[in-house]
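Here are the chains, one letter per residue:
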Amino acid sequence: PVLVVDFGAQYAQLIARRVREAGVFSELVPHTITAAEVREKNPLGIVLSGGPSSVYEEGAPQFDDSIFDLGVPTLGICYGFQVMARALGGEVANTGDREYGATDALVVGDGGAILGGQPETQNVWMSHGDAVQRAPEGFDVLARTAVTPVAAFGSLERRLYGVQWHPEVRHSDHGQQVLENFLHTVAGIDPDWNAGNVIAEQVELIRKQVGSARVISALSGGVDSAVSTALVHEAIGDQLTAVFVDHGLLRQGEREQVEQDYVASTGVRLITVDAEETFLGHLEGVTDPEEKRKIIGREFIRAFEQVQRQLVDEAKAEGEPIKFLVQGTLYPDVVESGGGSGTANIKSHHNVGGLPEDMKFELVEPLRDLFKDEVRAIGRELGLPEAIVGRQPFPGPGLGIRIVGEVTKNRLETLRAADAIARAELTAAGLDAEIWQCPVVLLADVRSVGVQGDGRTYGHPVVLRPVSSEDAMTADWTRVPYDVLARISNKITNQVPEVNRVVLDVTSKPPGTIEWE
Ligand code: XMP
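Residues numbered from 1 in each chain as written. Predicted model: local features only at pLDDT ≥ 70, side-chain atom pairs only at ≥ 80, totals over all residues.

This paragraph deals with the nonpolar core. Membership of the largest hydrophobic core comes to 68 residues, with the highest contact counts inside it found for Val215, Val227, Val232 and Ala418. A per-element tally of this core places helix α7 (residues 223–236) first, with eight residues. Val4, Ile67, Trp165 and Phe182 belong to the second-largest nonpolar core, a separate cluster that totals 62 residues. (Core = buried A, V, L, I, M, F, W, Y, C linked by C-beta atoms within 7 Å. Buried ≥ 20, exposed ≤ 12 C-beta atoms within 10 Å, placed from the backbone. Helix = DSSP H or I, 4+ residues; strand = E, 2+ residues; numbered from the N terminus.)

Attention shifts here to the UniProt feature "active site" (unreviewed entry) in the protein chain. Per the UniProt record, "active site" (unreviewed entry) is annotated on Cys78, His166 and Glu168. Spanning 91 residues, the named residues form one tight spatial group whose C-alpha atoms are at most 10.9 Å apart. Tracing the chain through its elements places cysteine 78 in the loop between β4 (74–77) and α3 (79–87). Position of histidine 166 among the secondary structure elements: in the loop between β11 (160–163) and α5 (175–186). (UniProt positions renumbered as here; feature names shortened; annotations may be inferred.)

Now for helix α12 (residues 372–381). When we look at burial in α12, the residues that qualify are Lys372, Glu374, Val375, Arg376, Ile378 and Gly379. In this structure, the buried side of α12 is in contact with α1 (12–21), α6 (195–210), α7 and α13 (386–389). (Contact = placed C-beta atoms within 7 Å.)

With that settled, the discussion passes to the packing of α1 against α5. One can describe the packing of α1 onto α5 by two numbers: an axis separation of 10 Å at closest approach and a directional angle of 65°. Considered as vectors, α1 and α5 are oriented roughly perpendicular to each other. Every pair of crossing elements has a handedness; the one defined by α1 and α5 is right-handed. Counted together, Arg18, Val19 and Glu21 of α1 and Gln176, Leu179 and Leu183 of α5 form the full contact between these two elements. When grouped by side-chain class, the residues that make up the contact of α1 with α5 number three nonpolar, one polar and two charged. (Axes fitted to C-alpha atoms, helices over the stretch in contact; angles between N-to-C directions. Parallel < 35°, antiparallel > 145°, perpendicular 65-115°, else oblique. Left-handed = near helix turned anticlockwise from the far one by under 90°. Nonpolar A, V, L, I, M, F, W, Y, C, P; charged D, E, K, R; others polar.)

The next thing to look at is the pairing of strand β1 (residues 2–6). Look at any regular strand and the pattern is simple: side chains alternate between the two faces of the sheet. For β1, the tally of buried residues reaches five of five residues, placing the bulk of the element in the interior. Covered by surrounding structure in β1 are Val2, Val4 and Asp6 together with Leu3 and Val5, the residues of both alternating faces. Judged from the four bridges that link them, β1 and strand β3 (residues 45–48) form a sheet pairing that is parallel. Counterpart to valine 4 in the pairing with β3 is valine 47. Note that β1 and strand β2 (residues 26–30) share five bridges and pair parallel. Looking at the pairing, valine 2 lines up with serine 26 of β2. Crossover handedness for the path β1 to α1 to β2: right-handed. (Pairing = 2+ DSSP bridges. Right-handed = clockwise from strand over helix to strand, strands pointing away.)

Taking strand neighbours across the sheet as the criterion, the five strands line up as β14-β13-β12-β15-β16 in an open arrangement whose pairing is parallel. The open sheet has two free edges, formed respectively by β14 (269–274) and β16 (362–364), since each of these has just one partner strand. On average, adjacent strands in this sheet sit at an angle of 30° to one another, irrespective of strand direction. Two strands pair when backbone bridges link them, and strand β15 (residues 322–326) and β16 are joined in this way by three bridges, in the parallel orientation. Within β16, the residue paired with phenylalanine 324 across the bridge is glutamate 362.

On to the domain arrangement of the protein chain, then. We note that the domain assignment places domain 1 (2–186), domain 2 (195–389) and domain 3 (408–504) within the protein chain. Using only C-alpha atoms to locate each centre, domain 1 and domain 2 end up separated by 39 Å. Taken residue by residue, the interface counts eight residues in domain 1 and seven residues in domain 2. Sorting the residues of the side of domain 1 that touches domain 2 by element identifies α1 and β2 as the ones contributing at least two each. When residues in the side of domain 1 that touches domain 2 are grouped by element, the largest group, three residues, is from α1. (Domains from an automatic or database assignment.)

See the structure below:
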């Protein structure tokens, strides 16, 4: 693999993703990794991430400098660039000239292996206090800015390169090219990490792990559980049973999508649990968001346990125990729960709405090494319908946390209709790639006066919450074109009688969260 050393900035994961986009498998490792540990992993390359603004800061993350002597091609980025400069005998100083955001970088000389052939002036994304004043001996200066004499350097002989800016950020011109030049040209790594290879490798691992035992999987209708289930099915066929709980909080067409399209494309054996009445019964009179989440999580577990018992009995009769449970855990979940550097922004969302704690299952997690976009690529390769693979993230508690106020069957129908219109229009406008997700929220306790035909109406508003994001940890509201918004608004107010007003949420995250509850 290529090791991405995490100095504690939020950029390390992004770097790991960009490396994979370049067709190269990457793995995040903490900055405390030692030269011996690096050698053991036998990496093809190393990328040092950004971090705090100064290598001189108190408590600045340390690094085992002897790693630079291992002969492994290494690219330092931002803080990693400064760590590299200092370790190799260059000079890093705090000049008081900070650079944040878009900055012009000027290529020096021929730009070397990483910037060669690119425009002389590039707009790049910077975020640093200290600056490299002098490159280490034997290194060529490859770029500068108005205030930073050394904004990139490198040595082809030692295969060590560094840039002060963030090539992993889309705002940096030619950023991906800088990474690819490093990976392919400097480190000489073949771009052979792709969906097909991942599937072949995982199929083998899954078979080895489960043998002839029976396996169950909880499908939520979301991308992660859909793909992990399909992957396991690809590996072991009918040893797998998938369970789908219809809690009545699903979007329009969702159940049919799973029961028909998903089953048709995978051939997986599916059990659907009809639990709408139960869920809505328990949600009666409940308005507090946390309370709703708790009830939905708990009922999900009950429903799941019920089928589980039934399946276990059935399995016993056939003499094969159910030992394994499939989960769609992704790499960011693994990293956030301590698998990576231990940065403290942990989120405990469950892929499938929470599973029984006392379930004695061994987990099968074939997506543990993957990012969301890779999971989608694998889903496509496995032949899953675009409607499932390309769908927006949808929370486990479903529409239950998109109705502000009590959740009732009527309100769910109203929201479902409005949501279906918004989704269809955004898709028709070609905005699916730009929009991470667009919750539609029903303000069930708010009423406003409207007029339709000659009559007064007294209906409810729905909120459109279109957001753009890389990972849902932060998000910005998407600038959906006015004419698309106008079409959504017209259609919803015309076709959904209970709704007489459509409003737009223009809050970023933070301070807002993506969901309203
Ligand atoms: P927030 O609202 O915290 O949402 O900004 C971040 C992302 O997580 C999704 N989300 C959930 N997903 N179970 C889930 O599986 C949950 O309880 C849950 N709550 C929020 C949300 O849709 C967004 O993508």
